[in-house]
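Chains, contacts and geometry: an overview
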Amino acid sequence: MVFTNNITSIFLLGFPHLQNFTFPFFSLLVLIFCGTISGNLLIMVLYLVSKTLQSPMYFFITQLSLCDLLLTTDIVPVLLHTVLYGGSTMTLIGCIIQFFFFGTSECSECLLLLVMSYDRYLAICNPLRYPSIMNHRFCVISVIIIWVMGYFGTSIYVISICNLYFSGPHVIDHFYCDLEPILELSCSDLSWIHTQLFIMGSLFAILPFLVIVTSYVYIAITILKIPSNTGRHKAFSTCSSHLTVVFIYYGTLIMVYLCPTKGKSLKLSKVLSLIYTVLTPLLNPIIYTLRNKDFKEAFHKLKLIFHKSF
């Protein structure tokens, strides 16, 4: 167990060669952090106060915002400390806890994007059955299953990690406690954990991604059959935001975890990790709200209510 090994603390190197770019990079991260928190909170508030947003699609978007908030608050504060002070020290238990929350949010988001694609598939390819299938009960049960699967999926990794023996070194050349950097600290046999990684990666990343791509092939075929240009544009606009998020998120995730690590530079891995841990949670609320008429109207109504109150 982790309580009986030679390592009690972990030192995260982060980005040790920033030199004169430390303060600009730190300032950029602070802006991204503030924008991510405020943007995702705004989406959740708008959903709660606006009657026009009470639909399955917007319900799932709020859950996506919840995933992004969990991921951001788990990763970015430690990243900021690491950048500002040239590194960050954590206990081994703290490192594993950070990985647990990171893994839970990532696994849950993968499954959530899958359910969101099913929502768009039903809305466009089978609109007559949409109200009966995509009802409130289905949405709530789906979200509960997603969070439970994300929790237990990550717990499997955590239990496996806790049964390893860690002998050192105690330095992780990354900006957060990811699975592979943690495993590099252990001298135990890791073959069974790598087998777990392949199985879980297929279950939470590759399979959902293939299903999403397949569903959008059917969606594209249906859209092309719509006779009017206006109808095609309207149908496509409801899917483009989700499709953009899917390719950004799954693309970086698959490149980091499921592509061969041999020959992959550590700097590239860190940049890709920055995209899905820091940049994607900021882009999600921007992508889903800037081109969304309902969110814009709900935001203007909220501003009017705010101005009247003060």
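Residues numbered from 1 in each chain as written. Predicted model: local features only at pLDDT ≥ 70, side-chain atom pairs only at ≥ 80, totals over all residues. Heavy atoms only, no water.

- An unreviewed UniProt entry annotates the protein as Olfactory receptor originating from Engystomops pustulosus.
- Database annotation for the protein, UniProt heading Sequence similarities (unreviewed entry): "Belongs to the G-protein coupled receptor 1 family."
- Checking UniProt for the protein, the heading Subcellular location (unreviewed entry) contains the comment "Cell membrane". (UniProt positions renumbered as here; feature names shortened; annotations may be inferred.)

1. Overview of the overall build of the protein
- Along its length, the protein carries ten helices and three strands.
- Start at the N end of the protein and walk to the C end: the helices and strands fall as β-α-α-β-α-α-α-β-α-α-α-α-α.
- In terms of C-alpha radius of gyration, the protein reaches 21 Å, essentially the compact-globule figure of 19 Å for 310 residues.
- Considering only C-alpha atoms, the protein reaches an extent of 65 × 50 × 35 Å along its principal axes.
- For the protein, the accessible area works out to roughly 15700 Å², and carbon and sulfur atoms hold 72% of it.
- Between the centroid of the 17 positive side chains of the protein and the centroid of its 12 negative side chains there is a distance of 17 Å. (Helix = DSSP H or I, 4+ residues; strand = E, 2+ residues; numbered from the N terminus. Rg over C-alpha atoms; globule rule 2.2 N^0.38 Å. Areas by Shrake-Rupley, 256 points an atom, 1.4 Å probe, with all protein chains shown as cover. Lys, Arg positive; Asp, Glu negative; His and termini not counted. Charge placed at Lys NZ, Arg CZ, Asp CG, Glu CD.)

2. Quick word on the pattern of salt bridges
- Within the structure shown, the criterion is met by two salt bridges.
- A salt bridge links R120 to D119; its shortest N-O distance comes to 2.8 Å. Across the pair, D119 and R120 agree in class, each one buried.
- Residue K270 is joined to D173 by a salt bridge in which the shortest nitrogen-to-oxygen separation is 2.8 Å. In this pair, K270 is assigned in helix α9 (residues 266-290) and D173 in the loop between β3 (171-172) and α6 (179-183), connecting sequence segments 97 residues apart.
- Overall, the relative accessible area of 6% leaves K270 in the buried class.
- On the basis of relative accessibility, which here comes to 32%, the residue D173 falls in the partly exposed class. (Salt bridge = Lys/Arg side-chain N within 4 Å of Asp/Glu carboxyl O. Buried < 20%, exposed > 50% of the residue type's maximum accessible area, 1.4 Å probe, protein only.)

3. Overview of the UniProt feature "transmembrane region" (unreviewed entry) in the protein
- Within this structure's numbering, the places UniProt gives as "transmembrane region" (unreviewed entry) are residues 25-50, 57-79, 91-117, 138-166, 198-224, 236-258 and 270-290.
- Counting secondary structure, residues 138-166 comes out at 86% helix and 0% strand; the distance between its end C-alpha atoms is 44 Å.

4. A few points about the state of the cysteines
- Throughout the structure, instances matching the rule amount to one disulfide.
- In this model C95 forms its disulfide with C177; the gap between the sulfur atoms is 2.0 Å. Disulfide C95 to C177: torsion about the S-S bond roughly -120°, handedness left-handed. Of this pair, C95 sits in helix α3 (residues 92-125) while C177 sits in the loop between β3 and α6, and the two are 82 residues apart along the sequence.
- What makes C177 buried here is its relative accessible area of 0%. (Disulfide = S-S within 2.5 Å.)

5. Points about helix α2 (residues 56-85)
- Over its 30 residues, α2 runs 44 Å from end to end, which matches the ideal 44 Å to within 8%, given 1.5 Å per residue.
- Taken across its 30 residues, α2 has 23 buried, putting it largely inside the fold.
- Looking one or two residues past α2, G86 carries a phi angle of roughly 75°, positive in sign. (Expected span 1.5 Å × (residues − 1).)

6. Here's the deal with the layout of surface pockets
- By volume, the second largest pocket amounts to about 500 Å³.
- If you go around the second largest pocket, you meet 20 residues; those closest to its centre are M57, Y58, R120, T238 and N292.
- Contributing elements (two or more residues each) for the lining of the second largest pocket: α2, α3, α8 (229-257) and α10 (293-309). (1 Å grid on protein atoms, 1.4 Å probe; cavity = no way out; pocket = protein on both sides within 12 Å on 5 of 7 lines; lining within 4 Å. Points joined across faces, edges and corners; volume = space filled by probe spheres on them.)

7. Looking at helix α7 (residues 191-224)
- Taking 1.5 Å per residue, 34 residues should reach 50 Å; α7 reaches 47 Å between its end C-alpha atoms and fits that length.
- Of all the bends in α7, the greatest measures close to 45° and is centred on S202. (Bend = angle between axes of the 7 residues up to and from the residue.)

8. A few points about the sheet that holds β3
- Strand order in the open sheet formed by three strands is β2-β1-β3, and the pairing between neighbours is mixed. Looking along the sheet, the strands with just one partner apiece sit at the ends: β2 (88-91) and β3.
- Where strand β1 (residues 9-12) lies against β3, two bridges are found, and the strand directions are parallel. Note that in β3 the partner of L12 across the bridge is I172. (Pairing = 2+ DSSP bridges.)

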